[in-house]
Amino acid sequence: MINFETNIFPLFHPQSVDDLKDPCPVFDGKLWHVFGSSGTVNSETWKILHATAHAIHGPWTEHEAIVLPISGSGVAAPGVIHDSGVFHMFIQTEFMKSGGRCEHAVSNDGFHWVVLKPALLSLPDTGEDGIYDPHPANIGGKRYLVYSGMPKFTKVPQPDIYLAYSQSDSWFGPWKRAGKILDHADLSHHNSREHPDYEWGIEGAQLVELPDGRVLLNATCFLPEGQRGSRQRVFFALADGVKGPYRSVGPVLNPGAIGENGHSTVMIEGGQLTLFYQSRVEATNHRWRYGLAICDVGVFSKVA
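Quick look at the structure, then. Just so you know, these numbers come straight off a predicted model, no measurement behind them.

Scoring rules and cut-offs
Residues numbered from 1 in each chain as written. Predicted model: local features only at pLDDT ≥ 70, side-chain atom pairs only at ≥ 80, totals over all residues. Heavy atoms only, no water. 1 Å grid on protein atoms, 1.4 Å probe; cavity = no way out; pocket = protein on both sides within 12 Å on 5 of 7 lines; lining within 4 Å. Points joined across faces, edges and corners; volume = space filled by probe spheres on them. Helix = DSSP H or I, 4+ residues; strand = E, 2+ residues; numbered from the N terminus. Salt bridge = Lys/Arg side-chain N within 4 Å of Asp/Glu carboxyl O. Buried < 20%, exposed > 50% of the residue type's maximum accessible area, 1.4 Å probe, protein only. Contact = heavy atoms within 4.5 Å.

Re empty space enclosed by the protein
Thinking step 1. Scanning the model with the defined rule gives 2 cavities of 30 Å³ or more in all.
Thinking step 2. Approximately 40 Å³ is the volume attributed to the largest cavity.
Thinking step 3. Taken together, Asp22, Pro23, Cys24, Ala77, Pro78, Gly79, Asp133, Pro134, His135, Ala205, His263 and Thr265 form the lining of the largest cavity.
Thinking step 4. Looking at the lining of the largest cavity, the elements that each hand over two or more residues are β2 (19–27), β6 (76–83), β11 (130–139) and β19 (259–269).

Here it is, written out as structure tokens:
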């Protein structure tokens with residue numbers, strides 16, 4: 001576990017839904033935006049959350065859900081970046097079945113969006129038979145997408161983490177697949193594919209460049225032990241280059257009570273690492289809410 005000097009949870013409660021998941025905070029130079037999934041895990045019904053604040057710790061104002069003219073049963077979990085005055089959103093269309101696309105939308109203000117052609121399509125009958133949870137990253141001046149890819153399944157999706165890079169100097173692609181960068185077998189703290197109570201695969205990945213040039217992979221695993229509802233964890237892994245190999249430093253955030261945490265976004269600025277995460281505990285009646293944890297980025301200088 002990492003010692004987070006600050007940990008604020010919950011940040012806010014939704015106006016009219018049960019759960020808030022998959023947070024992606026973005027600063028446009030004047031205002032903080034958080035994009036995510038709002039809905040309920042009871043029926044896995046989701047809309048695209050948009051909230052704003054003048055400071056990352058809030059108070060947050062929730063706006064009307066973003067509606068995009070794209071089809072799919074799992075349009076959610078947006079990964080957003082603000083670059084040269086433009087918001088770029090990469091968003092899944094499915095996550096609990098084969099198929100799916102990584103759609104690309106742009107906005108000048110974070111409120112009004114134009115959908116462009118998809119960045120990536122699933123690849124039938126491969127390890128990317130289904131794709132979801134895309135997140136953009138700028139590493140070493142190059143543009144990447146990291147995402148979950150899963151083969152066909154009969155019971156539960158078993159995704160690993162994949163990478164693609166832009167073949168142009170822009171977020172408009174075209175995108176070239178670089179393959180798998182993290183597998184189940186790479187993580188001792190994640191349930192194996194053969195686990196008798198297998199829960200889920202690796203998801204919610206994000207890549208961030210550390211001040212020393214190494215690459216931090218922030219993602220979500222499912223512990224091999226414990227009851228369901230207590231096994232999901234944010235973990236970090238490190239690599240010398242964006243394609244890996246990645247060495248996990250393990251789960252980094254203790255829920256602090258009976259519960260779990262997951263899909264998150266890391267931001268690094270001014271020597272501080274900020275983790276904007278989702279969690280559910282007894283205090284939230286086990287409904288998903290957002291939290292904010294901050295630590296000194298120098299903690300990674302101690303990790304080889």
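Some points on the pattern of salt bridges
Thinking step 1. Under the counting rule described, the total for this entry stands at 18 salt bridges.
Thinking step 2. A salt bridge links Asp169 to Arg143; the shortest N-O distance between them is 2.9 Å. Of the two residues, Asp169 is situated in the loop between β13 (160–166) and β14 (175–182) and Arg143 in strand β12 (residues 142–150); the sequence distance between them amounts to 26 residues.
Thinking step 3. For Arg143, a relative accessible area of 14% gives the class buried.
Thinking step 4. Taken together, the salt bridges that share partners define one network made up of Asp160, Lys180, Asp183 and Arg193.

A short note on the side chain of His135
Thinking step 1. Assignment of secondary structure puts His135 in strand β11.
Thinking step 2. Residue contacts for His135: discarding those within four places in its chain leaves Cys24, Gly79, Tyr144, Leu145, Val146, Ala205, Gln206 and Thr265.

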